[in-house]
Amino acid sequence: MTIAGGVLAFLALASQAAAFAPASAIGAARSHHVSTTSLGALTLYGSQGSRSPLVNWAANELGLALETGDLSNNPHPFGQIPCLTDDNDVVVFESGAILAYLQSKADEKGIHDDAKSAAVASWIAWANASLDPICFLETPEGKVYDTGLRNPNRRIEKLDKLLSESPFLVDGEFSTADVAVASYLLYVIQFFPDVDLHSKWPNVVKYMKACAKRDAYEKAFGSNVQEYLVNRLTEMESGKAEKKLFGMF
């Protein structure tokens, strides 16, 4: 087990339990799964209207096959999604913890050394513990009402600086770290399509667009979502972004 696997307990606490349900009616975007290499009976319990597609995205990028679980048999202790099961009675819940587990499975195939695994695990933890609360402001009842990305933010400024020096977060190459961070940033555009990020953080917008254009993202989230996001981010870059109500409509 790599360092990535060792942070699972922390990630389970850091990651918020609320599932995403974007305000936009995107159309029926089916989830696709890579079936190149299966190291075990990885089964995902989820739906397109939750954080589940980001798990599919990570699995697609890592070449891990996921089976689709029957939600009536979802083993999540609170009945929420996403939830992942594996051989030997393994149950993993919370999206960040699931990403870390998938990374640990990929590490068994020799994809990353310990240094890179540690960096990926750190970014997954950061996405759930620090980025998520910035991206999604919640009422005391846990209902998302706005995004903190409308306002200046020192953490996002630092992220923008880092991305001015490297196209991706770990060693200049796409990794599960980028799945964790870019997923939340891209969800913001679906929830709050009037947000303009380019004037404050142009490198973050460039990064988001590069991540959204990946084939594995399209397979997980659907071509409609991908096309909308790429077009919206292109509008931001051009300075001609139109403010649209109710998501993609």
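Residues numbered from 1 in each chain as written. Predicted model: local features only at pLDDT ≥ 70, side-chain atom pairs only at ≥ 80, totals over all residues. Heavy atoms only, no water.

Visitor: Could you give me a rundown of the sheet that holds strand β4 (residues 90–93), with the residues and numbers involved?
Guide: Taken in spatial order, the 4 strands of this open sheet run β2-β1-β3-β4, and their pairing is mixed. The two strands at the open ends of the sheet, each matched to only one other strand, are β2 (67–68) and β4. Note: strand β1 (residues 43–45) against β2, 2 bridges, orientation parallel. Its bridge partner being in β2, L44 is matched across the sheet by T68. The strands touched by helix α4 (residues 95–107) are β3 (83–86) and β4; relative to β4, the strand with the most contacts, the crossing angle is about 135°. (Pairing = 2+ DSSP bridges. Helix = DSSP H or I, 4+ residues; strand = E, 2+ residues; numbered from the N terminus. Contact = heavy atoms within 4.5 Å. Axes fitted to C-alpha atoms, helices over the stretch in contact; angles between N-to-C directions.)

Visitor: Give me the lowdown on helix α6 (residues 154–165), citing residues and values where you can.
Guide: Look at α6: 17 Å from first C-alpha to last across 12 residues, which is about the 16 Å you get at 1.5 Å a residue. Inspection of α6 places I156, L159, D160 and L163 among the buried residues, and these make up the whole buried set. Down the axis, α6 shows its buried residues gathered within 100° of arc, on one side only. Away from its buried face, by an angle of more than 90 degrees, α6 presents the exposed residues R154 and E165. On the buried face of α6, the contacting elements are α5 (114–135), α7 (176–191) and α8 (202–212). (Expected span 1.5 Å × (residues − 1). Buried < 20%, exposed > 50% of the residue type's maximum accessible area, 1.4 Å probe, protein only. Arc of directions from axis to C-beta.)

Visitor: Help me get a handle on the packing of aromatic side chains, residues and values and all.
Guide: According to the stated counting rule, one finds 10 aromatic pairs in the structure shown. With 6.3 Å between their ring centres and 80° between their planes, W57 and F221 make a pair best called edge-to-face. In this pair, W57 sits in helix α3 (residues 52–62) while F221 sits in helix α9 (residues 215–221), placing the two residues 164 residues apart along the sequence. This pair shows no difference in class: W57 is buried, exactly as F221 is. Pairwise contacts between aromatic rings join W57, F168, F174, Y187, Y207, Y217 and F221 into one cluster. Positioned above the aromatic ring of W201, the side-chain terminus of K200 is 4.8 Å from the ring centre. A cation over a ring is seen here: R214 above F174, with NZ or CZ 3.8 Å from the ring centre. (Phe/Tyr/Trp six-rings, centres within 6.5 Å; stacked < 30°, edge-to-face > 60°. Lys NZ or Arg CZ within 6 Å of the ring centre and 35° of its normal.)

Visitor: Talk me through the pairing of β3; I want residue IDs and the actual numbers.
Guide: Side chains of β3 alternate between two faces, with C83 and T85 and L84 and D86 buried alike. Pairing between β1 and β3: 3 bridges, direction antiparallel. Its bridge partner lying in β3, L44 is registered against L84. Where β3 meets β4, 4 bridges bridge the pair, whose relative direction is antiparallel. Residue pairing for β4: C83 is matched across the bridge by F93. In this antiparallel pair of consecutive strands, β3 and β4, the connection spans 3 residues, and N88 shows a positive phi of 65°.

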